[in-house]
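A look at the structure
The primary structure of each chain is shown beneath.
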Amino acid sequence: MQLVLVLNAGSSSVKFALFDTQIKGHERDIARGAIDGIGQATRWSVKRYDGTANNEIAIKGDGVSNHKQAVSHILAWIEKNFELSSLAAAGHRVVHGGAQFTEPVRLNTKNCEALRKLIPLAPLHQRHNLAAIDSLTELAPMLPQIACFDTAFHATIPDIGRNFALPRAITALGVRRYGFHGLSYSYIANELAKQNTDLVTGRVLVAHLGNGASLCAMKDGKSIATSMGFSALDGLMMGTRTGSIDPAVIFYLMRDQGMSANDVEAMLYQKSGLLGVSGLSNDMRTLRAAASTNAHAREALDMFTYRIIKEAGAMIAVLGGIDALIFTAGIGENDSELRANIMKGLKFLGFVLDENANKTKARKISAEEGPIALVMPTNEEIMIARETADIIRNINE
Ligand code: AMP
């Protein structure tokens, strides 16, 4: 057994997964879990997938007040259930790799310092990713740690799509499009290469629709355009994020409405999107349940759909047409009504929905004629495990 621990640290949670990566291409899911509510009411849960009915779901009122304690809990759980010596490495989801890191990298002091410099580019995520890395360095100094980046998959976007129409001196500062959700897109590209070989060289649009949402236009399995930009705030409307907005709104709010930069930032990241427009929730299920009686919930859903169709049109123009549309992530995988409405909006491109397939959670939801539409569950964790195991193999060879 060669275990790889995958860590995904957020502001108040550390999600983790454990894979056996002994055989390349046949990674086995061993366990997945999370510590939520760090610093508040902590909830710890682990589910095992290796045939052991040893699932633990415990609710604790306190106890985990920072990332280091969370990581320590996870290591203790691994030690209790497995040989700690079979743990070969840890792979971290790191949201931002900047211009420097376009591939996964083994972490050392120098690389961590370079990643720390990127905190201002991803203020909500990067510092927490680094907190988990620092914690593990202290708790298990000999364990190799690998950073896998959400930006890396988009390194293939050409300059014309990557750069903003800004003075070159500003572009040279690194103010450009990076794109995110790259681990999810990379997983989908890999799965397509395995399962739909005819699409590998095709024009593919992937819609990662979760609480964070973005689109990625892929040609030959590579990203050529994406809707997120310098930050994960750009592009589609999201659960709590506004997506693209006229930047002049920000000047107006600061100059004329007296809001501080921090206030505007918090509003755009945490109080906008589905939550802001509905005034009710950022959760798609809550909004669907309320939409028949709540006009604001209905408008939030309609706007969410409209923005996807509009941005998809731009992406498909960049692709020069479309062979396949792929839905993934929490909303994309589960919300059949949204998928149906998007397909209706893109009907002019020849899309025909197979209504029955869409409702019954089939993989292919398009009819025989027209471009293909697929629903594919994403799996960012296994992507991190694979990338991590590959680096470990290279080190050991
Ligand atoms: P993610 O960020 O990928 O975990 O996705 C979270 C989003 O998926 C939330 O808005 C959820 O409401 C949504 N979601 C999860 N399950 C369903 C479902 N069965 N129907 C509609 N939306 C769902």
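Residues numbered from 1 in each chain as written. Predicted model: local features only at pLDDT ≥ 70, side-chain atom pairs only at ≥ 80, totals over all residues. Heavy atoms only, no water.

**Observations concerning the packing of helix α7 (residues 248–255) against helix α8 (residues 261–270)**
Describing two packed helices takes the angle between their axes plus the distance from one axis to the other. In the contact formed by α7 and α8, the axes pass within 9 Å of each other and the chain directions differ by 135°. As judged from the angle between their axes, α7 and α8 are oblique. For the crossing formed where α7 meets α8, the hand is right-handed. Along the contact surface, α7 presents I250, L253 and M254, while α8 presents A261, V264, M267 and L268. (Axes fitted to C-alpha atoms, helices over the stretch in contact; angles between N-to-C directions. Helix = DSSP H or I, 4+ residues; strand = E, 2+ residues; numbered from the N terminus. Parallel < 35°, antiparallel > 145°, perpendicular 65-115°, else oblique. Left-handed = near helix turned anticlockwise from the far one by under 90°. Contact = heavy atoms within 4.5 Å.)

**Points about the site of the ligand**
Neighbouring residues of the ligand: G210, N211, N282, D283, M284, R285, A329, G330, I331, N334 and D335. Interatomic distance of 2.5 Å between a side-chain N/O atom of D283 and an oxygen atom of the ligand. A distance of 3.5 Å separates a nitrogen atom of the ligand from a polar atom in the side chain of N334. Secondary structure elements with two or more residues in the shell around the ligand: α10 (284–290) and α12 (329–334). (Near = heavy atom within 4 Å. Polar contact = N/O pair within 3.5 Å; in protein donor to acceptor, adjacent residues only side chain to side chain.)

**Let's talk about the pattern of salt bridges**
Inspection of the entire model under this criterion finds 21 salt bridges. Close ionic contact of D283 with R285 constitutes a salt bridge, the shortest N to O distance being 3.2 Å. Among the ionic pairs, R393 bridges to D390, the shortest N-O distance being 2.9 Å. Taken together, the positions of R393 and D390, both in helix α15 (residues 380–396) and 3 residues apart, correspond to about one turn of that helix. A relative accessible area of 18% means that R393 is categorised as buried. You can call D390 partly exposed: its relative accessible area is 30%. Each of K24, D390 and R393 takes part in salt bridges that share partners, so that together they form one network. (Salt bridge = Lys/Arg side-chain N within 4 Å of Asp/Glu carboxyl O. Buried < 20%, exposed > 50% of the residue type's maximum accessible area, 1.4 Å probe, protein only.)

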